[in-house]
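Below are the chains, spelled out letter by letter.
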Amino acid sequence: MRVLKGVPRSHLYRLLRRGEVRVNKGRIKAEYRLSAGDVVRIPPIRLGESAPPARAPEVQLARLEGAIIHEDERLLVIDKPSGLAVHGGSGLSYGLIESLRQLRPGRELELVHRLDRDTSGCLVVCKRRSALRELHALIREGGMDKRYLALILGELPRAELLVDAPLKKNVLSSGERLVRVDAREGKEARTRFRRLKRFAIDGQALTLVEAELITGRTHQIRVHAAHLGAPLAGDDKYGDEAANQRLKGYGLKRLFLHAAALSFKLEYMARPLRLECPLPDELQQVLNALEN
């Protein structure tokens, strides 16, 4: 990606699958990590004229400007709305990061971590490479505390439960990502769930939980909840279609998953940065409807 600037990521992966990128004269998979002394062959690629980047509408830019909950010289934290992808691609002209670059022209903005398109809440974006490197190291060492609010279809067997189930990510031919618990080939994944409140509709138990990410795998909370037999409400990939349909009558039109709080401390900070994003109105209204 550094050498072939402007080439779509999907095209680069296609080159890898076809064996056109070679390391030490052999075919290589995308997940291979280069070592000192490796010889990499990159095929010649002819790029056409690049189209000007699509611009986010002003109404979206205004909405995102109002959603920034913290900003300093090194980073900003935004309350990402549900339905907005963190970056463009896969048929999307722009995402949150492209929109933020319009709001902060000249800044080298980079995502520190990701949220699924349908997940709302706290998202960290760096303005400096040094801060990005420090935050990535912090995340690897478990130094960023991330808490989510989720509504699960079912009950927790205990008030607090640690799910330790390795996850393996698969990419379908359509490009869709599908994650499964895989004890043999999966990567370490741990989520701590805490019960906050119980609900019931038509004999169906529901529980509002806090999910603490100890590791940060793709779709981790969603897959671990489903692994417990209590998938997230509104989850159209790993969830219960019939239950989701019933919940539409209570106003649920999206995945009930919200990045509610995070905290971390970088070297330049005098004290840890602790930030919260309140539950969006559309999710709070679902809880209100379940209580009535």
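Since we're looking at a predicted model, the values are computed, not measured. (Residues numbered from 1 in each chain as written. Predicted model: local features only at pLDDT ≥ 70, side-chain atom pairs only at ≥ 80, totals over all residues. Heavy atoms only, no water.)

A. Focus on the overall build of the protein. The secondary structure content of the protein amounts to 7 helices and 15 strands. Computed over C-alpha atoms, the radius of gyration of the protein comes to 21 Å, within 12% of the 19 Å expected from 2.2 N^0.38 for 292 residues, which places it in the range of a compact globule. C-alpha atoms of the protein, sized along the principal axes, occupy 65 × 45 × 40 Å. Looking at the 292 residues of the protein, the share that counts as buried comes to 43%. For the protein, restricting intrachain contacts to residue pairs at least 6 apart in sequence, the fraction spanning at least 24 positions comes to 61%. Accessible surface for the protein amounts to roughly 16900 Å². Of this, 47% is attributable to carbon and sulfur atoms. Distance between charge centroids for the protein: 6 Å, based on 52 positive and 37 negative side chains. (Helix = DSSP H or I, 4+ residues; strand = E, 2+ residues; numbered from the N terminus. Rg over C-alpha atoms; globule rule 2.2 N^0.38 Å. Buried < 20%, exposed > 50% of the residue type's maximum accessible area, 1.4 Å probe, protein only. Contact = heavy atoms within 4.5 Å. Areas by Shrake-Rupley, 256 points an atom, 1.4 Å probe, with all protein chains shown as cover. Lys, Arg positive; Asp, Glu negative; His and termini not counted. Charge placed at Lys NZ, Arg CZ, Asp CG, Glu CD.)

B. Inspection of a nonpolar patch on the surface at higher detail. A cluster of nonpolar side chains, contributed by Val 3, Tyr 32, Leu 34, Val 40 and Ile 42, occupies part of the molecular surface with about 440 Å² of accessible area. Positionally, Ile 42 belongs in the loop between strand E3 (40-41) and helix H2 (58-67). Classification of Ile 42 as partly exposed rests on a relative accessible area of 37%. (Patch = residues over 30% accessible without salt bridge, like charges linked within 9 Å, V, L, I, M, F, W, Y side chains within 5 Å. Salt bridge = Lys/Arg side-chain N within 4 Å of Asp/Glu carboxyl O.)

C. The arrangement of unusual backbone geometry in detail. A positive phi angle is found at Lys 25, which is not glycine, with a value near 70°. Here Lys 25 shows up in the loop between strand E1 (22-23) and strand E2 (26-27).

D. Here's a closer look at the environment of Ala 243. Along the chain, the position of Ala 243 falls in helix H6 (residues 241-248). As a C-alpha pair, Ala 243 and Ile 201 span 42 residues in sequence and 9.7 Å in three-dimensional space.

E. Spotlight on the sheet that holds E1. The 3 strands are arranged E2-E1-E3 in an open sheet whose pairing can be described as antiparallel. At either end of the open sheet lies a strand with only one pairing partner, and these are E2 and E3. When E1 meets E2, the two strands line up antiparallel, connected through 2 bridges. The residue of E2 that forms the bridge with Val 23 is Gly 26. (Pairing = 2+ DSSP bridges.)

F. Region of interest: H2. Along H2, the residues that are buried comprise Gln 60, Leu 61, Leu 64 and Ala 67. Within H2, the buried residues cover an arc of 120° as seen down the axis, which keeps them to one side. The exposed residues of H2 that point more than 90 degrees off its buried face are Glu 58, Val 59, Ala 62 and Gly 66. Those residues of H2 that are buried are in contact with strand E4 (68-71), strand E5 (75-80) and helix H3 (96-103). (Arc of directions from axis to C-beta.)

G. Focus on the pattern of salt bridges. One pass over the structure, following the stated rule, counts 24 salt bridges. With a shortest N-O distance of 3.2 Å, Arg 194 and Glu 160 are connected by a salt bridge. Of the two residues, Arg 194 is situated in strand E12 (residues 190-201) and Glu 160 in strand E9 (residues 160-164); the sequence distance between them amounts to 34 residues. By relative accessible area, which is 42% here, Glu 160 ends up partly exposed. For Arg 192, the salt bridge identified is with Glu 212, shortest N-O distance 3.5 Å. Separated by 20 residues along the polypeptide, Arg 192 in strand E12 and Glu 212 in strand E13 (residues 204-213) bring together distant segments of the chain. Residue class for Arg 192 comes out partly exposed when judged on its relative accessible area of 22%.

H. Broad picture of the packing of H2 against H3. Relative to each other, H2 and H3 sit at 85°, their axes nearing to 10 Å. Our classification of the angle between H2 and H3 gives roughly perpendicular. Where H2 approaches H3, its residues Gln 60, Leu 61, Leu 64 and Glu 65 are matched on the opposing element by Leu 96, Ser 99, Gln 102 and Leu 103. For the contact of H2 with H3, a count of residues per class yields 4 nonpolar, 3 polar and 1 charged. (Axes fitted to C-alpha atoms, helices over the stretch in contact; angles between N-to-C directions. Parallel < 35°, antiparallel > 145°, perpendicular 65-115°, else oblique. Nonpolar A, V, L, I, M, F, W, Y, C, P; charged D, E, K, R; others polar.)

Everything listed is a geometric property; what it means functionally is a separate question.
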